[in-house]
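Commentary on secondary and tertiary structure
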Amino acid sequence: MSGVDSLTDDDVLVLRQRVEMLERDNRKLHKINAALIERVESGGGHRADPYAAFEHSVVLAEQVRERTEALNSALSQLKRSNRALRLANEQAEMSQQRLIDAIESISDAFVLFDHERRILLSNSRFRAFWHGTGVRIEPGTTIQDLKRLAREQGLIVEESGPERGSGSPVLKLASGRWIQVSERDTRDGGLVVLYTDITELKAFEEARRERALAQKSRLLQSLVDHLSQGVALVNGDGELEVWNRRFIELGGDDPSRQPETSGPDRLLAAVGPADGVQARETTLSDGRVLEIRTHPMPTGGYVNTYTDITERHRYAETLRESEQWIRLITDHVPALIGYVGDDLRYQFTNKVYDEWYGWPRGGLNGRLISEVQGESQFRKIKPYMDRALGGESVTFEIDEKNLHGEVRCMLKSYVPNLDSSGHAVGIFVMIRDITERRRTAHALEQAYQHLEQRVRERTSELTALNDQLRQEIHERVEVEARLREAKKEAEQANLSKTKFLAAVSHDLLQPLNAARLFTGALQEQSVDEPVARLVSSVSNSLADVESLLSTLVDISKLDAGVIRPDVNAFCVRGLLENIANEYRQVARNQGLDLHFVSSGAVIESDSQLLARILRNFLSNALRYTEKGRILFGCRRRRHSLVIEVWDTGIGIPEEKLTEIFLEFRRIAPRGGGPQDKGLGLGLAIVDKISRILGHQVAVTSVEGRGSVFSVEVPLGQLTLLPEARRPTAAVSEAWLQGARLWVVDNDQAICDGMATLLQGWGCDVVTALSLEDLERQVEVAQDPVDLLIVDYHLDNDENGVDLVAMLRAKRSDDLPVLMVTANYSHELKQQIRDLGYLLMHKPVKPMKLKTTLNHLLNSRT
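First, a word on scope: everything that follows refers to the structure included in this document.

What counts and how
- Residues numbered from 1 in each chain as written.
- Predicted model: local features only at pLDDT ≥ 70, side-chain atom pairs only at ≥ 80, totals over all residues.
- Heavy atoms only, no water.
- Phe/Tyr/Trp six-rings, centres within 6.5 Å; stacked < 30°, edge-to-face > 60°.
- Helix = DSSP H or I, 4+ residues; strand = E, 2+ residues; numbered from the N terminus.
- Buried < 20%, exposed > 50% of the residue type's maximum accessible area, 1.4 Å probe, protein only.
- Pairing = 2+ DSSP bridges.
- Axes fitted to C-alpha atoms, helices over the stretch in contact; angles between N-to-C directions.
- Salt bridge = Lys/Arg side-chain N within 4 Å of Asp/Glu carboxyl O.
- Expected span 1.5 Å × (residues − 1).
- Core = buried A, V, L, I, M, F, W, Y, C linked by side-chain atoms within 4.5 Å.
- Contact = heavy atoms within 4.5 Å.

It is worth spelling out the packing of aromatic side chains at this point. Enumeration according to the criterion identifies 8 aromatic pairs in this entry. Residues Trp356 and Tyr357 carry aromatic rings whose centres are separated by 6.5 Å and whose planes lie at 85° to one another, so their mutual orientation is edge-to-face. Ring geometry for Phe596 and Phe632: centres 5.6 Å apart, planes at 35°, overall tilted. With Phe596 in strand β18 (residues 593-596) and Phe632 in strand β20 (residues 629-636), the pair connects residues that are 36 residues apart, well separated along the chain. Under the relative-accessibility criterion, Phe632 is labelled buried at 0%.

Take a look at the structure:
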């Protein structure tokens, strides 16, 4: 390429300016030349010296010659400049054409604006955007005109912010295609804009997101299918997205088998979205008791978990009923009855005992005898108590002032409570007031000797008694004020007791967890039939204890008012059919006929709490009906639905129709038959739940013929739920054979129990009390391991999450983790879920543990 090809726009401009200057000089020279010629020609008319004239003409000729040469030189230079200018113009035209060809060849739409944002150049792809709009895009059109025309023609339907990493905005055209806009300023203040079609990229990203979501959904479904708890996840729109097989087994409707018009699941409606974690119990129609916990999600929606706590609840009811009967009997005995532990603190007192010392009901429990009776009186009875704690039964008389300041003669009996080793662990106390008996004897003795004196004394006593009565009236006013304050303190103490019972559940479940692990390991062993029955009995007893503790905690939560209902609209048919199916087999086993009448009504209620009410009704009907049948059905009213349970049982006396809804109240069987093991809490729970839900519960009965229990529920409107996938099959158990497991728990008994159980399944187990203990046994950074089982609560304010983090930091692989805890808080569950671990609550059930380990080991492969 020649040197002209390399001329820039600035060089061309300089050449043009130089040519113009040479043309001006050329015109001046022509004028000078013409002037000189005219002067020479006119010089003959002057009368001058001829020589001088000749000399002057020679000089002029020389000047003309020089000027002519300069003019020729300028003309030559002008020709060269014109030639260079022509070449530059041709090169500029060629460059412009190449630029046009270049922007036409690119795949993106291109437009070039000048410094005033007017179009200089654009390619056909840019102009193609405007086809069919009737708009012609020509040079000179401003960028503002383009935006206005795009709005008027509806060319752009959506505009979003810059794509991640690009910083360029994205437009969606009316044709459905996506365009990314890229802008760049030029040196002369202009603007270059590229419009890139990213429709295929958008489609690819959308497909990739859908595949990722599908994969996550499969993993989530696989996880929840292997939980022993029922799980149901509802999104922010109230639609069921994820559930597991256990959820359906506990009474939930299978959405995959429901028609599209079916209502929300009755278990889902039991508890719903809230600001914090919700937990409550509900009773199914077959008598099973479920604990339902709701955990709201930060993105909207919530997750429900459903745990079967039937055995624990029944055991608690039995204990409560037993205690109530003991109190009922002792409260009607005309004597002071109590029980004192070996620490000399009251553990039980009857009503007469509390009234004698002026304490509110149950206020003496936990208090020292010296605190109640005073140090002086305590010193008098201390020797007798020491003898009783030594294993001797003691009876003695002692004077003691009553609440009114009267000195009364009390006959006290202390009977030691001996344990299996013969040591006294407490004292049974019975006190009787024998003051009147002693006074009567003394009066008879003195009657013969001092009759007149006795009359005077009696008169004086009556006078003093009148004064004393006046004083007592004043004291009673003060006592009433103190009693009101004491009642308030007692109510506060009861609430504190409830909160304390819920708080200590973790400590109570620790030894129980170890025991369940050991019994689970024993049940895995091949033993003789008598031993197997014994192990089964121990396991059942531990299950009863577990159920009792859980029920006590849950009843405490009900009393503390921490359970809130989640009222939703749902079709009652599924709820009633599942409850009827659960109890039909139970009724058949008892020789009873359970007749069920379904209903398709839509109601507004908490399905879990409502199911618990109905299950209590059916359980009572089965419990108190020896023969005949039970009817379970509904009656539709104008604005409500009445669900009823009819039975042909023993019936209820009319005077006890209200009493049966009190705690620890049961109806004794006719003919003196044996009573069931219930505590009398079922209908009390029904009463509490109905008050929470605002539903009216009614009962009518004819003694000897049967009873009718009913609950009235308001009608509602149905909400549709989407159809979801079926749960996947269970994981194979073969993964446990030879699996290498590390177990960390600060309780040695739990470590031993876990090792025994896991080794029985063919696992290679290493147990440790802490990370330091584990490091002493294995090389945590290099030794092979398949799974970690870690307790969340460790010693020295340490926790399992921090331990796993430190252990993983020393290894190159991400081990699967099973975190075990008795903490049911939503925050801990969310933290464990975010870390990607599995969470299992204590006490650990062996079969649940086995299923979970198989799942984790299978997922690791």
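In spatial order, the strands read β25-β24-β26-β27-β28; together these 5 strands make up an open sheet with parallel pairing. At either end of the open sheet lies a strand with only one pairing partner, and these are β25 (764-768) and β28 (838-841). The mean inter-strand angle of the sheet, taken between neighbouring strand axes irrespective of direction, is 20°. Both strand β27 (residues 817-821) and β28 contribute to a ladder of 4 bridges, which runs parallel. Residue pairing for β28: Met819 is matched across the bridge by Leu839.

Within the element layout of this structure, Phe247 appears in helix α6 (residues 245-249). Take Phe247: its relative accessible area is 0%, and that puts it in the buried class. Between the C-alpha atoms of Phe247 and Leu227, which are 20 residues apart in sequence, the distance is 9.8 Å.

This part covers unusual backbone geometry. A negative phi holds for most residues other than glycine; trans holds for most peptide bonds. With a phi angle near 60°, Arg117 is a residue other than glycine that sits in the positive phi range. Within the fold, Arg117 resides in the loop between β1 (109-113) and β2 (119-122). On the accessibility criterion, Arg117 (27% relative accessible area) is partly exposed. We note that Asn796 has phi near 60°; this positive angle belongs to a residue other than glycine. Structurally, Asn796 is set in the loop between β26 (787-791) and α20 (800-809).

Bringing the environment of Ser168 into the picture now. Mapping Ser168 onto the fold places it in the loop between β3 (156-160) and β4 (170-173). It is 5.8 Å that separates the C-alpha atoms of Ser168 and Val181, two residues lying 13 residues apart in sequence.

On to the pattern of salt bridges, then. Scanning all chains against the criterion turns up 25 salt bridges. For Asp773, the salt bridge identified is with Arg776, shortest N-O distance 3.6 Å. Of this pair, Asp773 and Arg776 both sit in helix α19 (residues 771-777), 3 residues apart, which is roughly one turn of the helix. Linked by salt bridges that have partners in common, Glu406, Arg408, Asp433, Glu436 and Arg439 make up one network.

Relative to the 24 Å expected for 17 residues at 1.5 Å per residue, helix α16 (residues 607-623) spans 24 Å between its end C-alpha atoms, a close match to the ideal helical length. Of all the 17 residues making up α16, 16 are buried; the element is thus mostly covered by neighbouring parts of the structure.

The nonpolar side chains of soluble globular proteins are, as a tendency, buried together. Within the largest apolar cluster, 51 residues are counted, with the highest numbers of intra-cluster contacts made by Leu610, Leu614, Phe617, Phe632 and Ile643. In terms of residue count, α16 provides more of this core than any other element does, 9 residues in total. Other than its neighbours up to four places away in sequence, Leu610 contacts Thr282, Phe570, Leu575, Ile603, Ser605, Ile643, Leu693, Val711 and Val713. Of all hydrophobic cores here, the second largest spans 23 residues; its members include Ala768, Leu774, Leu794 and Leu815.

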